[in-house]
Structure formats: structure tokens, C-alpha cells
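Spelled out from the first residue to the last, the chains are:
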Amino acid sequence: MGSIITLAVTGRRERKMRTRAFLAFITQWRSEVSLFQQRDIGVGVVQGVYEPTLPQFHAEVARSRDAFSDQEIFDRLTGRLGSLGTEDWKDHSKTQKDIILGVMDELINFAT
């Protein structure tokens, strides 16, 4: 009986740690996107910060997926953030940076 309780508590603790690690990763990435300033012509936030971080983001998603109780929403939000592209940049009322930050904010709000 005691080992079952210990296993449940350990599993819950592990999920919380993975949730926190995922949130820390997204928050750090959001900070990098937010602080990005275009210095070179042709190197925008997408090429400078968003695309280079995608492989690490996908690894974090895979590591954290089962730590979230509503996996359907998690998959939808992470799928959206992980696949921003040409169609998303057509909204000329927002900058690419603002679009990325908006999607990140949705995911952060969900994860907290």
C-alpha cells in the first residue's frame, strides 16, 4: 500500500517538474523573441530567434506532453507555435514578433 502511494506522489511531483521546466523554457524563449532587435537587413525575428529554437521547442513538447492534464489544448497550442509560417505573416496589422509573442502568451497562460 505504501509503495503505491509513494509511486503516485512521485509521479505527480515529476509531472509538476516537467510542467515547470516547460514553462521556464517557453518564458525564456519569449524573452529572447521580445528582446530581439533587427540589426541586419534580411535577418528578422523569425530567422534570428524563432526558427533556430524550433528543434529545442519540439523536444521540450515531447518531454512535457503528458505532464499537462488537457493534452488536446496543449497539442493545439504547441502545434500552432511550432508551425507558424507564411500564412501567419500575412496579417499586416501585426509584426511577426507580435504574432509569435501572442501565440506564446496563449501557451504560457494555459501552462500556468
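Residues numbered from 1 in each chain as written. Predicted model: local features only at pLDDT ≥ 70, side-chain atom pairs only at ≥ 80, totals over all residues. Heavy atoms only, no water.

K.L.:
In this structure, what is going on with the confidence of the model for the protein chain? I would like to understand it.
P.N.:
Any region with low pLDDT has predicted coordinates that should not be read closely. Model confidence for the protein chain is summarised by a mean pLDDT of 87, while 86% of its residues fall at 70 or above. Per-element confidence in the protein chain is highest for helix H3 (residues 71–81), whose mean pLDDT is 96, and lowest for helix H1 (residues 2–35), whose mean pLDDT is 82. (pLDDT = per-residue confidence, 0-100. Helix = DSSP H or I, 4+ residues; strand = E, 2+ residues; numbered from the N terminus.)

K.L.:
Looking at this structure, I do not really get H3. What am I missing?
P.N.:
Helical periodicity: at 3.6 residues per turn, an α-helix aligns residues three or four positions apart in one direction. Burial in H3 covers these residues: Phe74, Leu77, Thr78 and Leu81. One side of H3 holds all its buried residues, which, seen down the axis, span an arc of 95°. Relative to its buried face, H3 has exposed residues pointing more than 90 degrees away, namely Glu72 and Arg76. (Buried < 20%, exposed > 50% of the residue type's maximum accessible area, 1.4 Å probe, protein only. Arc of directions from axis to C-beta.)

K.L.:
In this structure, what is going on with a positive patch on the surface? I would like to understand it.
P.N.:
A cluster of basic side chains, namely Arg12, Arg15, Lys16 and Arg20, defines a positive patch on the protein surface. With respect to the secondary-structure elements, Lys16 resides in helix H1. (Patch = residues over 30% accessible without salt bridge, like charges linked within 9 Å, V, L, I, M, F, W, Y side chains within 5 Å. Areas by Shrake-Rupley, 256 points an atom, 1.4 Å probe, with all protein chains shown as cover. Salt bridge = Lys/Arg side-chain N within 4 Å of Asp/Glu carboxyl O. Lys, Arg positive; Asp, Glu negative; His and termini not counted. Charge placed at Lys NZ, Arg CZ, Asp CG, Glu CD.)

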